[in-house]
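This is what each chain is made of:
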Amino acid sequence: QLQVVESGGGLVQPGGSLRLSCAASGFNLHYYDIGWFRQAPGKEREGVSCITSSGSSTNYADSVKGRFTISRDNARNTVYLQMKSLKPEDTAVYYCAANPSAAWYCGTMPYEYDYWGQGTQVTVSS
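First, a word on what this report is: a plain description of the structure on this page. (Residues numbered from 1 in each chain as written. Predicted model: local features only at pLDDT ≥ 70, side-chain atom pairs only at ≥ 80, totals over all residues. Heavy atoms only, no water.)

### A short note on the side chain of Asn77
Tracing the backbone shows Asn77 in the loop between strand S7 (68–73) and strand S8 (78–83). Engagement of the side chain of Asn77 in a polar contact is seen with the backbone nitrogen of Leu29, the distance being 2.9 Å. Filtering out sequence-adjacent residues up to four positions away, Asn77 remains in contact with Cys22, Ala23, Ala24, Phe27, Asn28 and Leu29. (Helix = DSSP H or I, 4+ residues; strand = E, 2+ residues; numbered from the N terminus. Polar contact = N/O pair within 3.5 Å; in protein donor to acceptor, adjacent residues only side chain to side chain. Contact = heavy atoms within 4.5 Å.)

Below, the structure written as C-alpha cells:
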C-alpha cells in the first residue's frame with residue numbers, strides 16, 4: 001500500500017518547461033527522501049535529482065544543474081520537479097522513488113530506493 005505516482009509529463013518543444021509531480025499514497029512523505037530518475041530507450045536508469053525528507057538537502061545531476069529544481073510540499077504529500085530550458089536529450093521516462101530517510105543527505109543511486117512509481121513520459125522535440 002506504499003505507492004508513489006508520477007504525473008505532469010508530456011510533449012514539449014526545446015527550451016520549454018514542465019513540472020512533474022510525485023504524489024505519495026499509504027505513507028507519510030515527511031519521513032522519506034525522494035529521488036527523481038530517468039531512463040531513455042536503450043539506456044540505463046540514471047539519477048536526476050533527490051531531496052531529503054526535510055528538504056534541507058538536494059542533489060542534481062550535472063546535466064540538469066541550473067535547469068531543474070526539486071521541491072517538496074509535505075502537507076500535500078507531494079514532491080515536484082520543475083524542469084526548464086528542456087533539451088532533446090532530456091527525453092526519457094521519469095520515475096520518482098521513495099527511501100526512508102536516515103542521513104542528512106540523499107542519494108541518487110536507484111538501489112537506494114525502495115518504492116517506485118510507474119513513470120511519466122517526457123518528450124522534448126521540435
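### With respect to the nonpolar core
In this structure, Trp36, Phe68, Val79, Leu81, Met83 and Tyr94 are the most contacted members of the largest nonpolar core, which totals 28 residues. Where this core is concerned, the elements lending two or more residues are strand S3 (18–25), strand S4 (32–39), strand S5 (46–51), S7, S8, strand S9 (92–100) and strand S11 (120–124). Residues within four places of Met83 in sequence aside, it is in contact with Gly16, Ser17, Leu18, Leu20, Arg67, Phe68, Tyr94 and Val122. In terms of nonpolar packing, the next biggest core, distinct from the first, is built from 5 residues, Phe37, Ala97, Cys106 and Tyr113 among them. (Core = buried A, V, L, I, M, F, W, Y, C linked by side-chain atoms within 4.5 Å. Buried < 20%, exposed > 50% of the residue type's maximum accessible area, 1.4 Å probe, protein only.)

### Some points on the environment of Pro100
Among the secondary structure elements, Pro100 is positioned in strand S9. The sequence separation of Pro100 and His30 amounts to 70 residues, and the corresponding C-alpha distance is 9.4 Å. If near-sequence neighbours (up to four positions away) are discounted, Pro100 is found in contact with Tyr31, Tyr32 and Asp114.

### Here's the deal with the pattern of salt bridges
Side-chain pairs of opposite charge can arise whenever the charged atoms involved come near each other. Scanning the model with the defined rule gives 5 salt bridges in all. A salt bridge links Asp90 to Arg67; the nearest nitrogen and oxygen atoms lie 2.8 Å apart. Here Arg67 lies in the loop between strand S6 (58–60) and S7 and Asp90 lies in the loop between S8 and S9, a separation of 23 residues in the sequence. An identical accessibility class is assigned to Asp90 and Arg67; each is buried. Of the charged contacts, one joins Arg76 and Asp73 as a salt bridge, the two residues approaching to 3.7 Å between their closest N and O atoms. Residue Arg76 is classed as exposed on the basis of its relative accessible area of 62%. Taking the relative accessible area as the measure of exposure, Asp73 reaches 26% and is therefore partly exposed. (Salt bridge = Lys/Arg side-chain N within 4 Å of Asp/Glu carboxyl O.)

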